[in-house]
Amino acid sequence: MSYKYSTGLPLTKFMELQNRIQEILDGRRTPSKGLGGRPIILGLHQQLRIVLHLLRHNVRQAFIADQYGISQPSVSRIYRKLMPLIRGWPPGSGHREQKR
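Let me sum up the structure you'll find in this document. Because the structure is predicted, anything quoted here is derived from the model rather than measured.

Describing the nonpolar core
- Counting 23 residues, the largest nonpolar core has L17, I21, I50, L82 and I86 as its most contacted members.
- Secondary-structure elements contributing two or more residues to this core are α2 (11-28), α3 (44-57), α4 (61-68) and α5 (72-86).
- Apart from the residues lying within four places of it in its own chain, the contact partners of L17 are L9, L48, L52, I86 and W89.

Pasting the structure below:
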């Protein structure tokens, strides 16, 4: 399945977004704190594909969970983790959150 169809982004833009999110996530981790939380089942690449697929096709989380072999609650956690990082991308797109 092509990235453009499933995510709405060509592969180059998808990778730019993935790199941006990875930088943000790396900045949040500290060696003393460790990763904590639940073990990671899917890598960032697949997690980002899941979120963009949900946004583009408006399918149920249970459907995506079945496609990736994970639970619906895992899809929900992935969505809640990545959505705040995706908002406002690409820079200058006009899709930024409103300032209060």
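Read on, since the account is not over.
Overview of the packing of α3 against α4
- With their axes 11 Å apart at the nearest point, α3 and α4 run at an angle of 145 degrees to one another. Crossing of α3 over α4 shows right-handed handedness. Residues Q46, R49, I50, H53 and L54 of α3 pack against Q61, I64 and Y68 of α4.

Thoughts on the packing of aromatic side chains
- Scanning the model with the defined rule gives one aromatic pair in all.
- Taking the ring centre of Y3 as reference, the NZ or CZ of R49 above it sits at 4.4 Å.

Description of α3
- Here α3 contains 14 residues, and its C-alpha end-to-end distance of 20 Å stays within 8% of the 20 Å for a straight helix at 1.5 Å per residue.
- Looking only at α3, the buried set comprises L44, Q47, L48, R49, I50, V51, L52, H53 and L54.
- Count one or two residues on from α3 and you reach N58, which has phi positive near 50 degrees.

Notes on α5
- For α5, with 15 residues, the first-to-last C-alpha span of 20 Å sits near the 21 Å given by 1.5 Å per residue.
- Among the residues of α5, S74, V75, S76, I78, L82, M83, L85 and I86 are the ones counted as buried.
- Among the structural elements, α2, α3 and α4 are those in contact with the buried residues of α5.
- Positive backbone phi, approximately 85 degrees, marks G88, located one or two places after α5.

Thresholds applied
- Residues numbered from 1 in each chain as written.
- Predicted model: local features only at pLDDT ≥ 70, side-chain atom pairs only at ≥ 80, totals over all residues.
- Heavy atoms only, no water.
- Core = buried A, V, L, I, M, F, W, Y, C linked by side-chain atoms within 4.5 Å.
- Buried < 20%, exposed > 50% of the residue type's maximum accessible area, 1.4 Å probe, protein only.
- Helix = DSSP H or I, 4+ residues; strand = E, 2+ residues; numbered from the N terminus.
- Contact = heavy atoms within 4.5 Å.
- Axes fitted to C-alpha atoms, helices over the stretch in contact; angles between N-to-C directions.
- Left-handed = near helix turned anticlockwise from the far one by under 90°.
- Phe/Tyr/Trp six-rings, centres within 6.5 Å; stacked < 30°, edge-to-face > 60°.
- Lys NZ or Arg CZ within 6 Å of the ring centre and 35° of its normal.
- Expected span 1.5 Å × (residues − 1).

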